[in-house]
Amino acid sequence: MKLESFLLEILVCPQCRAALVEGDTEDQPELVCTGADCGLAYPVRDGIPVLLVDEARRPA
């Protein structure tokens, strides 16, 4: 799943306000925070990013 490039330009991590990039997993699409201290991964469900900190996956 590929999000539109204009969306990736305006979406930011709700926790730290860093940019988001698409994750590598095809079976579970997600947006990953680029913040060095954050790194949360937000799920994308039915093509819609779920930008809720409570729904995010913490880095391993």
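This report concerns the structure included in the present document. Quick caveat, the model's predicted, so the values are computed rather than measured. In this convention, every chain numbers its residues from 1, walking through the sequence in written order. With the structure being a predicted model, the display of local features is reserved for residues of pLDDT at least 70 and the display and counting of side-chain atom pairs for 80 or more, all residues being used for whole-chain, interface and lining totals. As a rule here, side-chain values come from all non-hydrogen atoms in the structure, and water together with hydrogens is ignored.

### Here's the deal with the environment of Pro 14
Numbering of helices and strands starts at the N terminus; helices are DSSP runs of H or I of at least 4 residues and strands are runs of E of at least 2. As for its position among the elements, Pro 14 is in the loop between helix 1 (5–10) and strand 1 (20–22). Considered as a pair, Pro 14 and Leu 52 are 38 residues apart in the sequence and their alpha carbons are 7.3 Å apart. Contact between two residues is taken to exist if any of their heavy atoms lie within 4.5 Å; hydrogens are not considered. For Pro 14, the contacting residues outside a window of four places in its chain are Tyr 42, Leu 51 and Val 53.

### Overview of the sheet that holds strand 3 (residues 41–45)
Taken together, the 4 strands give an open sheet; going across it, the order is 1-2-3-4, and neighbouring strands pair in antiparallel fashion. At either end of the open sheet lies a strand with only one pairing partner, and these are strand 1 and strand 4 (48–49). In this description, strands pair whenever DSSP reports at least two bridges between them. Summarising the sheet, strand 2 (residues 30–33) and strand 3 pair through 3 bridges and their orientation is antiparallel. Residue Leu 31 lies in a different strand from strand 3, and its bridge partner there is Tyr 42.

### As for the nonpolar core
Residues Leu 3, Leu 11, Cys 13, Ala 18, Leu 20, Leu 31, Cys 33, Cys 38, Leu 40, Tyr 42, Val 44 and Ala 56 constitute the largest nonpolar core, which totals 12 residues. At the level of secondary structure, the elements contributing two or more residues to this core comprise strand 2 and strand 3. Excluding anything up to four places from it in sequence, Leu 40 contacts Gln 15, Leu 31, Val 32, Cys 33, Val 53, Ala 56, Arg 57, Arg 58 and Pro 59. Within this scheme, the nonpolar core is defined by two criteria: the residues are buried Ala, Val, Leu, Ile, Met, Phe, Trp, Tyr or Cys, and they are joined through side-chain atoms within 4.5 Å. Residue exposure (1.4 Å probe, protein chains only): buried if accessible area is under 20% of the type maximum, exposed if over 50%, otherwise partly exposed.

### Remarks on the pattern of salt bridges
Put simply, a salt bridge is a Lys or Arg side-chain nitrogen that is within 4 Å of an Asp or Glu carboxyl oxygen. Scanning all chains against the criterion turns up 2 salt bridges. Two residues, Glu 30 and Arg 57, come together in a salt bridge whose shortest N-O distance is 2.7 Å. Separated by 27 residues along the polypeptide, Glu 30 in strand 2 and Arg 57 in the segment after strand 4 bring together distant segments of the chain. Its salt-bridge partner being Glu 55, residue Arg 45 comes within 3.0 Å of it at the nearest N-O pair. Taken together, the positions of Arg 45 in strand 3 and Glu 55 in the segment after strand 4 put the pair 10 residues apart, joining distant regions of the chain. With a relative accessible area of 44%, Arg 45 lands in the partly exposed category. Judged by its relative accessible area of 38%, Glu 55 is partly exposed.

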